[in-house]
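The residues making up each chain are set out below.
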Amino acid sequence: MRPSLIVHGGAWDIPDEAAEACTAGCQRALVAGWAVLAGGGTALDAIEAAIVVLEDDPVFDAGYGSHLNLDGRVECDAIVMDGATLRAGAAATLHRVKNPIRAARAILEKCPHMMLVAEGAERFAQENGVALCKAEELVSEAEWDAWMKCKKDAHAAEHHRGHEQGTVGAVALDYEGRLFAATSTGGTCCKLPGRVGDSPLIGCGCYADAEAGGVSCTGYGEAIMKVVMAKSATDYLRGQDSAAAHTEDGRGSSGAMLAAKRAVDLLAARTAGTGGLILLDRNGEPGFAFNTPRMAYGYVEAGGTFITSVG
Ligand code: ASP
(Lines give C-alpha, C1' and ligand atoms only; values in the text may rest on other atoms or scores of the structure.)
Protein backbone atom coordinates (compact mmCIF):
# COMPACT_ATOMS: atom_id res chain seq x y z
CA MET A 1 0.00 0.00 0.00
CA ARG A 2 1.32 3.47 -0.87
CA PRO A 3 1.65 5.51 2.35
CA SER A 4 -0.25 8.76 2.69
CA LEU A 5 -0.37 11.63 5.16
CA ILE A 6 -2.52 14.73 5.64
CA VAL A 7 -2.42 17.28 8.48
CA HIS A 8 -4.30 20.42 9.48
CA GLY A 9 -3.71 23.34 11.79
CA GLY A 10 -7.25 24.57 12.19
CA ALA A 11 -9.99 26.26 10.21
CA TRP A 12 -10.68 29.84 11.22
CA ASP A 13 -10.12 33.36 9.95
CA ILE A 14 -6.34 32.93 9.97
CA PRO A 15 -4.90 36.45 9.53
CA ASP A 16 -2.22 37.19 6.93
CA GLU A 17 0.41 37.75 9.61
CA ALA A 18 -0.06 34.21 10.95
CA ALA A 19 -0.37 32.46 7.58
CA GLU A 20 3.33 31.86 7.05
CA ALA A 21 3.81 30.38 10.52
CA CYS A 22 0.79 28.08 10.02
CA THR A 23 2.11 26.89 6.63
CA ALA A 24 5.58 26.32 8.06
CA GLY A 25 4.13 24.39 11.00
CA CYS A 26 2.15 22.11 8.67
CA GLN A 27 5.27 21.57 6.58
CA ARG A 28 7.33 20.58 9.64
CA ALA A 29 4.57 18.21 10.74
CA LEU A 30 4.54 16.58 7.29
CA VAL A 31 8.31 16.20 7.37
CA ALA A 32 8.17 14.52 10.79
CA GLY A 33 5.30 12.20 9.90
CA TRP A 34 6.57 11.36 6.44
CA ALA A 35 10.01 10.41 7.78
CA VAL A 36 8.26 7.70 9.79
CA LEU A 37 6.08 6.47 6.92
CA ALA A 38 8.82 6.56 4.27
CA GLY A 39 11.07 4.58 6.60
CA GLY A 40 8.48 1.83 6.80
CA GLY A 41 7.14 2.95 10.20
CA THR A 42 3.56 2.70 11.36
CA ALA A 43 0.76 5.16 10.72
CA LEU A 44 0.36 5.48 14.49
CA ASP A 45 3.99 6.56 14.95
CA ALA A 46 3.66 8.93 12.00
CA ILE A 47 0.52 10.53 13.44
CA GLU A 48 2.16 10.99 16.82
CA ALA A 49 5.29 12.53 15.27
CA ALA A 50 3.25 14.97 13.17
CA ILE A 51 0.91 15.99 15.98
CA VAL A 52 3.73 16.50 18.49
CA VAL A 53 5.29 19.04 16.09
CA LEU A 54 1.97 20.90 15.86
CA GLU A 55 1.31 20.72 19.63
CA ASP A 56 4.76 22.16 20.39
CA ASP A 57 4.23 25.06 17.97
CA PRO A 58 2.46 27.97 19.73
CA VAL A 59 0.87 29.16 16.49
CA PHE A 60 -1.59 26.28 16.87
CA ASP A 61 -4.30 25.73 19.48
CA ALA A 62 -2.99 22.46 20.92
CA GLY A 63 -0.48 21.67 23.65
CA TYR A 64 1.84 24.64 24.31
CA GLY A 65 0.19 27.92 23.29
CA SER A 66 -3.40 26.65 23.45
CA HIS A 67 -6.22 29.09 24.08
CA LEU A 68 -6.88 29.69 27.77
CA ASN A 69 -10.15 28.86 29.47
CA LEU A 70 -12.13 31.34 31.55
CA ASP A 71 -9.86 30.65 34.54
CA GLY A 72 -6.75 31.46 32.48
CA ARG A 73 -5.61 27.84 32.21
CA VAL A 74 -4.78 25.61 29.26
CA GLU A 75 -7.21 22.69 29.12
CA CYS A 76 -6.44 20.21 26.34
CA ASP A 77 -8.34 17.41 24.61
CA ALA A 78 -6.97 14.78 22.21
CA ILE A 79 -7.97 11.58 20.45
CA VAL A 80 -6.36 8.99 18.21
CA MET A 81 -8.34 6.28 16.43
CA ASP A 82 -7.32 2.99 14.82
CA GLY A 83 -9.20 2.32 11.57
CA ALA A 84 -8.63 -1.44 11.76
CA THR A 85 -10.15 -2.05 15.19
CA LEU A 86 -12.39 1.05 15.49
CA ARG A 87 -10.78 1.54 18.87
CA ALA A 88 -10.02 5.07 20.04
CA GLY A 89 -7.93 6.52 22.83
CA ALA A 90 -9.21 9.89 24.00
CA ALA A 91 -8.36 12.28 26.81
CA ALA A 92 -10.08 15.51 27.81
CA THR A 93 -9.52 18.51 30.11
CA LEU A 94 -5.80 17.87 30.55
CA HIS A 95 -3.84 20.59 32.35
CA ARG A 96 -0.43 19.03 32.80
CA VAL A 97 0.32 16.93 29.72
CA LYS A 98 2.80 18.64 27.40
CA ASN A 99 1.78 16.48 24.44
CA PRO A 100 -1.87 15.41 24.82
CA ILE A 101 -1.60 13.12 21.77
CA ARG A 102 0.75 10.93 23.83
CA ALA A 103 -1.87 10.60 26.57
CA ALA A 104 -4.45 9.64 23.91
CA ARG A 105 -2.08 7.05 22.47
CA ALA A 106 -1.40 5.56 25.90
CA ILE A 107 -5.16 5.19 26.38
CA LEU A 108 -5.54 3.64 22.92
CA GLU A 109 -2.83 1.08 23.52
CA LYS A 110 -2.93 0.37 27.24
CA CYS A 111 -6.29 1.29 28.75
CA PRO A 112 -9.38 -0.91 29.03
CA HIS A 113 -11.49 2.22 28.43
CA MET A 114 -11.57 4.50 25.37
CA MET A 115 -11.76 7.89 27.08
CA LEU A 116 -10.43 9.36 30.32
CA VAL A 117 -10.75 12.91 31.59
CA ALA A 118 -9.05 15.33 33.96
CA GLU A 119 -7.01 14.03 36.88
CA GLY A 120 -7.71 10.38 36.06
CA ALA A 121 -6.42 10.84 32.51
CA GLU A 122 -3.30 12.61 33.74
CA ARG A 123 -2.63 9.91 36.32
CA PHE A 124 -3.06 7.18 33.70
CA ALA A 125 -0.77 9.03 31.29
CA GLN A 126 1.93 9.42 33.90
CA GLU A 127 1.70 5.79 35.01
CA ASN A 128 2.20 4.82 31.38
CA GLY A 129 5.30 6.86 30.76
CA VAL A 130 3.82 10.08 29.38
CA ALA A 131 5.68 13.13 30.73
CA LEU A 132 3.67 15.65 32.72
CA CYS A 133 4.64 19.30 33.03
CA LYS A 134 3.56 22.24 35.16
CA ALA A 135 0.25 23.70 33.98
CA GLU A 136 1.91 27.14 33.56
CA GLU A 137 4.44 25.71 31.11
CA LEU A 138 1.67 25.32 28.51
CA VAL A 139 0.73 29.01 28.63
CA SER A 140 2.31 31.15 25.87
CA GLU A 141 2.86 34.87 26.30
CA ALA A 142 0.57 35.69 23.35
CA GLU A 143 -2.30 33.66 24.79
CA TRP A 144 -1.81 35.19 28.23
CA ASP A 145 -1.97 38.69 26.73
CA ALA A 146 -5.10 37.78 24.75
CA TRP A 147 -6.74 36.32 27.83
CA MET A 148 -5.97 39.46 29.86
CA LYS A 149 -7.65 41.56 27.16
CA CYS A 150 -10.65 39.21 27.04
CA LYS A 151 -10.89 39.40 30.81
CA LYS A 152 -10.90 43.20 30.94
CA ASP A 153 -13.34 43.53 28.11
CA ALA A 154 -15.20 40.53 26.73
CA HIS A 155 -13.89 37.67 24.67
CA ALA A 156 -13.35 38.99 21.13
CA ALA A 157 -11.57 37.73 18.04
CA GLU A 158 -9.65 41.04 17.80
CA HIS A 159 -7.83 40.19 21.01
CA HIS A 160 -6.26 37.26 19.20
CA ARG A 161 -5.26 39.14 16.08
CA GLY A 162 -2.03 37.68 14.71
CA HIS A 163 -2.20 34.47 16.67
CA GLU A 164 -5.69 33.15 16.12
CA GLN A 165 -4.99 29.50 16.01
CA GLY A 166 -6.75 26.28 15.40
CA THR A 167 -6.93 22.75 16.52
CA VAL A 168 -4.53 20.31 14.87
CA GLY A 169 -5.11 16.94 13.28
CA ALA A 170 -3.56 14.25 11.12
CA VAL A 171 -4.56 11.14 9.19
CA ALA A 172 -1.99 8.58 8.05
CA LEU A 173 -1.92 5.36 6.06
CA ASP A 174 1.24 3.22 6.12
CA TYR A 175 2.79 0.60 3.81
CA GLU A 176 0.94 -2.16 5.64
CA GLY A 177 -2.40 -0.46 5.10
CA ARG A 178 -2.80 0.64 8.74
CA LEU A 179 -4.97 3.76 8.96
CA PHE A 180 -5.04 6.12 11.96
CA ALA A 181 -6.60 9.54 12.53
CA ALA A 182 -6.00 12.00 15.37
CA THR A 183 -7.09 15.41 16.64
CA SER A 184 -5.61 17.57 19.42
CA THR A 185 -6.89 20.90 20.73
CA GLY A 186 -6.89 23.46 23.48
CA GLY A 187 -10.53 24.11 22.65
CA THR A 188 -12.06 27.55 22.33
CA CYS A 189 -10.78 30.70 24.01
CA CYS A 190 -12.45 31.63 27.30
CA LYS A 191 -14.42 28.38 27.37
CA LEU A 192 -15.97 27.41 30.66
CA PRO A 193 -13.67 25.18 32.71
CA GLY A 194 -14.67 21.60 32.03
CA ARG A 195 -16.06 22.34 28.56
CA VAL A 196 -15.28 19.57 26.08
CA GLY A 197 -15.83 20.20 22.37
CA ASP A 198 -16.00 17.88 19.40
CA SER A 199 -12.28 17.22 19.13
CA PRO A 200 -11.79 14.25 21.51
CA LEU A 201 -15.22 12.74 20.86
CA ILE A 202 -15.24 9.67 18.63
CA GLY A 203 -17.20 10.40 15.46
CA CYS A 204 -17.29 14.15 16.09
CA GLY A 205 -13.75 15.53 15.92
CA CYS A 206 -12.15 12.34 14.64
CA TYR A 207 -13.04 9.00 13.11
CA ALA A 208 -11.20 6.21 11.31
CA ASP A 209 -12.54 3.10 9.66
CA ALA A 210 -10.11 1.17 7.45
CA GLU A 211 -13.06 0.15 5.27
CA ALA A 212 -13.82 3.79 4.40
CA GLY A 213 -11.17 6.28 5.56
CA GLY A 214 -9.99 8.53 8.38
CA VAL A 215 -11.06 12.07 9.29
CA SER A 216 -9.98 14.94 11.59
CA CYS A 217 -12.19 18.00 12.07
CA THR A 218 -11.81 21.58 13.26
CA GLY A 219 -14.17 24.48 13.85
CA TYR A 220 -17.03 25.23 16.22
CA GLY A 221 -17.20 22.16 18.42
CA GLU A 222 -20.77 22.70 19.53
CA ALA A 223 -21.90 22.63 15.89
CA ILE A 224 -19.62 19.80 14.75
CA MET A 225 -20.98 17.57 17.51
CA LYS A 226 -24.54 18.04 16.27
CA VAL A 227 -23.80 16.45 12.90
CA VAL A 228 -21.17 13.99 14.18
CA MET A 229 -19.07 15.42 11.38
CA ALA A 230 -16.12 13.00 11.29
CA LYS A 231 -18.39 9.94 11.19
CA SER A 232 -20.65 11.64 8.64
CA ALA A 233 -17.64 12.28 6.40
CA THR A 234 -16.59 8.64 6.78
CA ASP A 235 -20.05 7.52 5.76
CA TYR A 236 -19.92 9.79 2.72
CA LEU A 237 -16.55 8.25 1.84
CA ARG A 238 -18.12 4.82 1.90
CA GLY A 239 -20.66 6.03 -0.62
CA GLN A 240 -18.07 7.86 -2.69
CA ASP A 241 -16.01 4.84 -3.75
CA SER A 242 -18.49 3.92 -6.42
CA ALA A 243 -19.38 7.54 -7.20
CA ALA A 244 -15.71 8.29 -7.87
CA ALA A 245 -15.51 5.43 -10.31
CA HIS A 246 -18.30 7.08 -12.27
CA THR A 247 -16.77 10.53 -12.54
CA GLU A 248 -15.62 11.51 -15.99
CA ASP A 249 -11.91 11.19 -15.31
CA GLY A 250 -12.41 8.22 -12.98
CA ARG A 251 -10.05 9.68 -10.37
CA GLY A 252 -10.53 8.38 -6.85
CA SER A 253 -9.43 11.70 -5.35
CA SER A 254 -12.64 13.33 -6.52
CA GLY A 255 -14.51 10.97 -4.22
CA ALA A 256 -12.37 12.00 -1.24
CA MET A 257 -12.82 15.71 -1.98
CA LEU A 258 -16.52 15.27 -2.55
CA ALA A 259 -17.02 13.43 0.74
CA ALA A 260 -15.17 16.20 2.61
CA LYS A 261 -17.30 18.86 0.96
CA ARG A 262 -20.54 17.02 1.68
CA ALA A 263 -19.69 16.81 5.39
CA VAL A 264 -18.95 20.54 5.60
CA ASP A 265 -22.14 21.28 3.62
CA LEU A 266 -24.05 19.19 6.17
CA LEU A 267 -22.51 21.24 9.00
CA ALA A 268 -23.58 24.47 7.31
CA ALA A 269 -27.05 23.27 6.35
CA ARG A 270 -28.04 21.72 9.67
CA THR A 271 -26.26 23.97 12.18
CA ALA A 272 -25.18 27.12 10.30
CA GLY A 273 -21.83 26.40 11.93
CA THR A 274 -18.39 26.83 10.44
CA GLY A 275 -15.46 24.47 10.33
CA GLY A 276 -13.42 22.18 8.20
CA LEU A 277 -11.91 18.75 7.95
CA ILE A 278 -9.16 16.71 6.40
CA LEU A 279 -9.45 13.06 5.40
CA LEU A 280 -7.82 10.16 3.62
CA ASP A 281 -9.98 7.59 1.95
CA ARG A 282 -9.14 3.92 2.48
CA ASN A 283 -6.68 4.03 -0.43
CA GLY A 284 -4.92 7.11 0.94
CA GLU A 285 -6.50 9.68 -1.39
CA PRO A 286 -6.54 13.05 0.41
CA GLY A 287 -9.58 15.26 0.71
CA PHE A 288 -10.28 18.47 2.60
CA ALA A 289 -12.98 21.13 2.84
CA PHE A 290 -13.85 24.13 4.98
CA ASN A 291 -16.44 26.89 5.07
CA THR A 292 -14.35 29.19 7.26
CA PRO A 293 -12.36 31.93 5.53
CA ARG A 294 -9.24 29.76 5.75
CA MET A 295 -7.84 26.44 6.90
CA ALA A 296 -4.18 25.50 7.41
CA TYR A 297 -3.43 22.09 5.93
CA GLY A 298 -0.82 20.00 4.20
CA TYR A 299 -0.57 16.62 2.51
CA VAL A 300 1.89 14.52 0.56
CA GLU A 301 1.02 14.03 -3.09
CA ALA A 302 1.31 10.64 -4.75
CA GLY A 303 4.68 11.63 -6.25
CA GLY A 304 6.04 12.58 -2.81
CA THR A 305 5.66 16.37 -3.16
CA PHE A 306 4.59 18.18 0.01
CA ILE A 307 1.65 20.54 -0.50
CA THR A 308 0.93 23.06 2.27
CA SER A 309 -1.53 25.90 2.24
CA VAL A 310 -3.48 28.37 4.29
CA GLY A 311 -6.26 28.43 1.77
N1 ASP B 1 -13.22 22.17 17.44
C2 ASP B 1 -12.45 22.75 18.50
C3 ASP B 1 -13.32 22.87 19.72
O4 ASP B 1 -14.47 23.23 19.57
C5 ASP B 1 -11.85 24.07 18.16
C6 ASP B 1 -11.09 24.15 16.86
O7 ASP B 1 -11.23 23.30 16.02
O8 ASP B 1 -10.32 25.09 16.67
O9 ASP B 1 -12.86 22.65 20.80
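Here the structure is a predicted model, which is why all the values come from computation and not from measurement. (Residues numbered from 1 in each chain as written. Predicted model: local features only at pLDDT ≥ 70, side-chain atom pairs only at ≥ 80, totals over all residues. Heavy atoms only, no water.)

Enquirer: Please explain the overall build of the protein as it appears in this structure.
Expert: Secondary structure summary: the protein contains eight helices and 12 strands in total. In summary, the protein has a C-alpha radius of gyration of 18 Å against a globular reference of 19 Å for 311 residues, a match within 12%. Oriented by its inertia axes, the alpha-carbon framework of the protein measures out at about 55 × 40 × 35 Å. Looking at the protein as a whole, 57% of its 311 residues are labelled buried. The long-range share in the protein, meaning contacts at least 24 apart out of those at least 6 apart in sequence, stands at 68%. Taken as a whole, the protein presents about 11900 Å² of accessible surface, with 53% of it coming from carbon and sulfur. Of the charged side chains in the protein, 27 are positive and 40 negative, and the gap between their average positions amounts to 3 Å. (Helix = DSSP H or I, 4+ residues; strand = E, 2+ residues; numbered from the N terminus. Rg over C-alpha atoms; globule rule 2.2 N^0.38 Å. Buried < 20%, exposed > 50% of the residue type's maximum accessible area, 1.4 Å probe, protein only. Contact = heavy atoms within 4.5 Å. Areas by Shrake-Rupley, 256 points an atom, 1.4 Å probe, with all protein chains shown as cover. Lys, Arg positive; Asp, Glu negative; His and termini not counted. Charge placed at Lys NZ, Arg CZ, Asp CG, Glu CD.)

Enquirer: Explain the pattern of salt bridges here, please?
Expert: A pair can form between side chains of opposite charge whenever their charged atoms are brought close. In this structure the tally under the stated criterion is 16 salt bridges. For the salt bridge of Arg195 with Glu222, the shortest nitrogen-to-oxygen distance reads 2.9 Å. Of the two residues, Arg195 sits in the loop between strand E6 (179-185) and strand E7 (206-209) while Glu222 sits in helix H6 (residues 221-226), which places them 27 residues apart along the sequence. For Arg195, a relative accessible area of 14% translates into the label buried. Linked through salt bridges whose partners overlap, the residues forming this network are Asp45, Glu48, Arg102, Arg105 and Glu109. (Salt bridge = Lys/Arg side-chain N within 4 Å of Asp/Glu carboxyl O.)

Enquirer: What is the right way to look at the packing of helix H1 (residues 16-38) against helix H2 (residues 43-56) in this model?
Expert: A pair of packed helices is characterised by two quantities: the angle between their axes and the separation of those axes. Relative to each other, H1 and H2 sit at 155 degrees, their axes nearing to 8 Å. Relative to H2, the element H1 is oriented roughly antiparallel. The way H1 lies across H2 gives a crossing that is right-handed. Of H2, the residues touching H1 (which contributes Gly25, Cys26, Arg28, Ala29, Ala32, Gly33, Val36 and Leu37) are Ala43, Asp45, Ala46, Ala49, Ala50, Val53 and Leu54. (Axes fitted to C-alpha atoms, helices over the stretch in contact; angles between N-to-C directions. Parallel < 35°, antiparallel > 145°, perpendicular 65-115°, else oblique. Left-handed = near helix turned anticlockwise from the far one by under 90°.)

Enquirer: What should I look at first to understand the sheet that holds strand E5 (residues 168-173) in this one?
Expert: Pairing between the strands of a sheet is mediated by backbone hydrogen bonds and can be parallel or antiparallel. Read across the open sheet, the eight strands follow the order E4-E3-E2-E6-E5-E1-E11-E12; overall the sheet is mixed. In this open sheet, the two edge strands, each paired with only one partner strand, are strand E4 (115-117) and strand E12 (306-310). Put simply, the sheet's adjacent strands are angled 5 degrees from each other on average, direction ignored. Relative to E12, strand E11 (residues 294-300) is paired through five bridges, and the arrangement is antiparallel. (Pairing = 2+ DSSP bridges.)

Enquirer: I tried to follow the pairing of strand E9 (residues 275-281) on my own but got confused; where do I start?
Expert: Within a regular strand, the side chains alternate between the two sheet faces. With seven of seven residues buried, E9 is to be regarded as a mostly interior element. Side-chain alternation along E9 places Gly275, Leu277, Leu279 and Asp281 on one buried face and Gly276, Ile278 and Leu280 on a second face that is also buried. Looking at chain direction, strand E8 (residues 213-219) and E9 are connected through seven bridges and run antiparallel. Note that in E9 the partner of Gly219 across the bridge is Gly275. Sheet analysis places E9 next to strand E10 (residues 286-290), joined by five bridges and oriented antiparallel. Opposite Leu277, over in E10, you have Ala289 as the bridge partner.

Enquirer: It is not clear to me how the site of the ligand should be interpreted in this structure. Could you clarify?
Expert: Around the ligand, the surrounding shell consists of Trp12, Gly166, Thr167, Gly187, Arg195, Asp198, Ser199, Thr218, Gly219 and Gly221. In this structure, Asp198 approaches the ligand through a side-chain N or O atom, which is 2.6 Å from a nitrogen atom. A distance of 2.7 Å separates an oxygen atom of the ligand from a polar atom in the side chain of Thr218. When the free accessible area of the ligand is taken as 270 Å², the share hidden by the protein chains comes to 100%. Considering only residue class, the shell around the ligand consists of one nonpolar, seven polar and two charged. (Near = heavy atom within 4 Å. Polar contact = N/O pair within 3.5 Å; in protein donor to acceptor, adjacent residues only side chain to side chain. Nonpolar A, V, L, I, M, F, W, Y, C, P; charged D, E, K, R; others polar.)

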